[in-house]
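# Chain and residue survey
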Amino acid sequence: MSEDDIELEDLNGVGAKTAEKLREAGYDDLMSIATMSAGDLGEVADLGEKKSQKIITGARQELDIGFESGKDRYDQKKEMKKISAGASNLDDLLGGGVDTQSITEFYGEYGSGKTQIGHQLSVNVQKPEGEGGLDRDVIYIDTEDTFVPQRIEDMAEDQGMDVEETLDRIHVARAFNSDHQMLLADEAQDICQSEDIGLIVVDSLTAQFRAEYVGRGELAQRQQKLNRHMATLLRLANSHNAAVVVTNQVMSNPDQMFGDPTKAIGGHIVAHNSATRLYLRKGKKGKRVAKLVDSPYMPEGEAVYNIEDGGIKDA
Ligand code: GTP
Ligand code: MG
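In this text, all values refer to a predicted model and were calculated from it rather than measured experimentally.

### Comments concerning the pairing of strand β3 (residues 103-108)
Counting buried residues along β3, six of its six residues qualify, which places the element largely inside the surrounding structure. Residues I103, E105 and Y107 of β3 are buried on one face, and the alternating residues T104, F106 and G108, pointing to the opposite face, are buried as well. Of the pairings in the sheet, the one linking β3 to strand β7 (residues 243-248) comprises five bridges and is parallel in character. Each residue of the ladder has a partner; that of F106, found in β7, is T247. Inspection of the sheet shows β3 paired to strand β8 (residues 276-282) by five bridges, in the parallel sense.

### Some words on the packing of helix α1 (residues 16-24) against helix α3 (residues 38-45)
Two numbers describe how α1 lies on α3: the axes approach to 9 Å, and their chain directions differ by 105°. Classified by the interaxial angle, the pair formed by α1 and α3 is roughly perpendicular. Facing T18, K21 and L22 of α1, the residues of α3 in contact are L41, V44 and A45. Looking at side-chain class alone, the contact of α1 with α3 contains four nonpolar, one polar and one charged residues.

### Some details on the site of ligand 1
Close to ligand 1 lie 15 residues, the nearest being G111, K114, T115, R288 and D309. Interatomic distance of 3.0 Å between a side-chain N/O atom of R151 and an oxygen atom of ligand 1. Going through the elements one at a time, α7 (114-124) and β10 (301-308) are the ones with two or more residues in the shell around ligand 1. Of all the elements, α7 adds the most residues to the shell around ligand 1, at three residues. Taken together, the residues of the shell around ligand 1 sort by class into two nonpolar, six polar and seven charged.

### Quick look at the sheet that holds β8
Taken in spatial order, the nine strands line up as β5-β4-β6-β7-β3-β8-β9-β10-β11 in an open sheet, and their pairing is mixed. Single-partner strands in this sheet number two, and they are β5 (170-174) and β11 (311-314). Strand after strand, the sheet turns through a mean of 25° between neighbouring axes, direction not considered. Judged from the six bridges that link them, strand β4 (residues 137-142) and strand β6 (residues 197-203) form a sheet pairing that is parallel.

### A closer look at the domain arrangement of the protein chain
According to the domain assignment, the protein chain contains domain 1 (3-63) and domain 2 (77-314). For domain 1 versus domain 2, the separation of C-alpha centres amounts to 31 Å. Contact with domain 1, which involves seven residues of that partner, is made by six residues of domain 2. On inspection of domain 1 and its partner domain 2, the count reaches three residue pairs in polar contact (both at pLDDT 80 or more).

### A few points about α7
Three or four residues apart is the spacing at which side chains of an α-helix point the same way, because the helix has 3.6 residues per turn. When you tally the buried positions in α7, you get eleven out of eleven residues, the bulk of the element. Among the residues of α7, K114, T115, Q116, I117, G118, H119, Q120, L121, S122, V123 and N124 are the ones counted as buried.

### Describing the side chain of N241
Note that N241 resides in the loop between α12 (219-239) and β7. Using a relative accessible area of 15% as the deciding quantity, one classes N241 as buried. Those residues in contact with N241, other than ones at most four positions away along the chain, are E79, M80, K81, T100, Q101, R136 and L236.

Cut-offs used in this document
Residues numbered from 1 in each chain as written. Chains lettered and ligands numbered in written order. Predicted model: local features only at pLDDT ≥ 70, side-chain atom pairs only at ≥ 80, totals over all residues. Heavy atoms only, no water. Buried < 20%, exposed > 50% of the residue type's maximum accessible area, 1.4 Å probe, protein only. Helix = DSSP H or I, 4+ residues; strand = E, 2+ residues; numbered from the N terminus. Pairing = 2+ DSSP bridges. Axes fitted to C-alpha atoms, helices over the stretch in contact; angles between N-to-C directions. Parallel < 35°, antiparallel > 145°, perpendicular 65-115°, else oblique. Contact = heavy atoms within 4.5 Å. Nonpolar A, V, L, I, M, F, W, Y, C, P; charged D, E, K, R; others polar. Near = heavy atom within 4 Å. Polar contact = N/O pair within 3.5 Å; in protein donor to acceptor, adjacent residues only side chain to side chain. Domains from an automatic or database assignment.

If you want it as structure tokens, here you go:
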């Protein structure tokens, strides 16, 4: 999706009425908004200064304008929130939980618990702020048909939450192939306009791409598409102060026998686009271990936790 496809209404904080006022005043594209002052925008669209500034910042982000002031960056980062992953060890490892405004990648082998974490975060983000959540909804892009409403029910019940409401607040779509998956991420931008989305889960980020682009000759194309897909996701994270959580497999199949079996699929593209990366594995006595491999500000380390009927719990 190029910036030409982005309408005024796609900006966070711009509803139909505001867009109309802006267009009437001749501000009909993102660049004209991005270069306005908050005072001018406030006057034209009859908005408060804080809201105007937010819209301007959003337009600048969509346009990927190279420079932003340290203050803009600081103000945006100050808004960053955390979602509890369910176990205090895991949250501590992450410095409080999964961040908004960036992509967090959970990778690991078959059965290591990636999907369980995606489910748990989808429940937890709905909890009130101060209780590990953001009181916001979820978009769940399910590429392997492994979204299980019953698991959401178990986890919600365990937290004393209303099961139906919890399920209602998760907007699930099954992706049938990689193009469909990318399309769903584009469509997620529309959902983010009408619903208050605090978390976008893509489980699995790479499985469809891996299945479709098998030959060596197709690798570059696969990586380009993955890069575009992740750029869309990152834009959602930034423009809606949402967390993006993606899961990824490791290269443990026999045809990769000379590769590192704990290496994530998707190579540099996925690694570079994910600010925070955790490697999940099975530990002793049924326990689970998460290793923080990459983080913008937390040291490397490990956390031990359990997967129980009620969800992700302290070990
Ligand atoms: P792939 O998608 O196949 O790569 O695996 P994954 O990493 O997504 O694994 P997943 O999250 O599906 O984890 C599966 C594991 O979670 C199972 O082996 C169980 O140990 C655990 N699990 C799943 N459901 C339940 C449940 O209802 N109760 C309990 N106690 N554990 C569960
Ligand atoms: Mg899974």
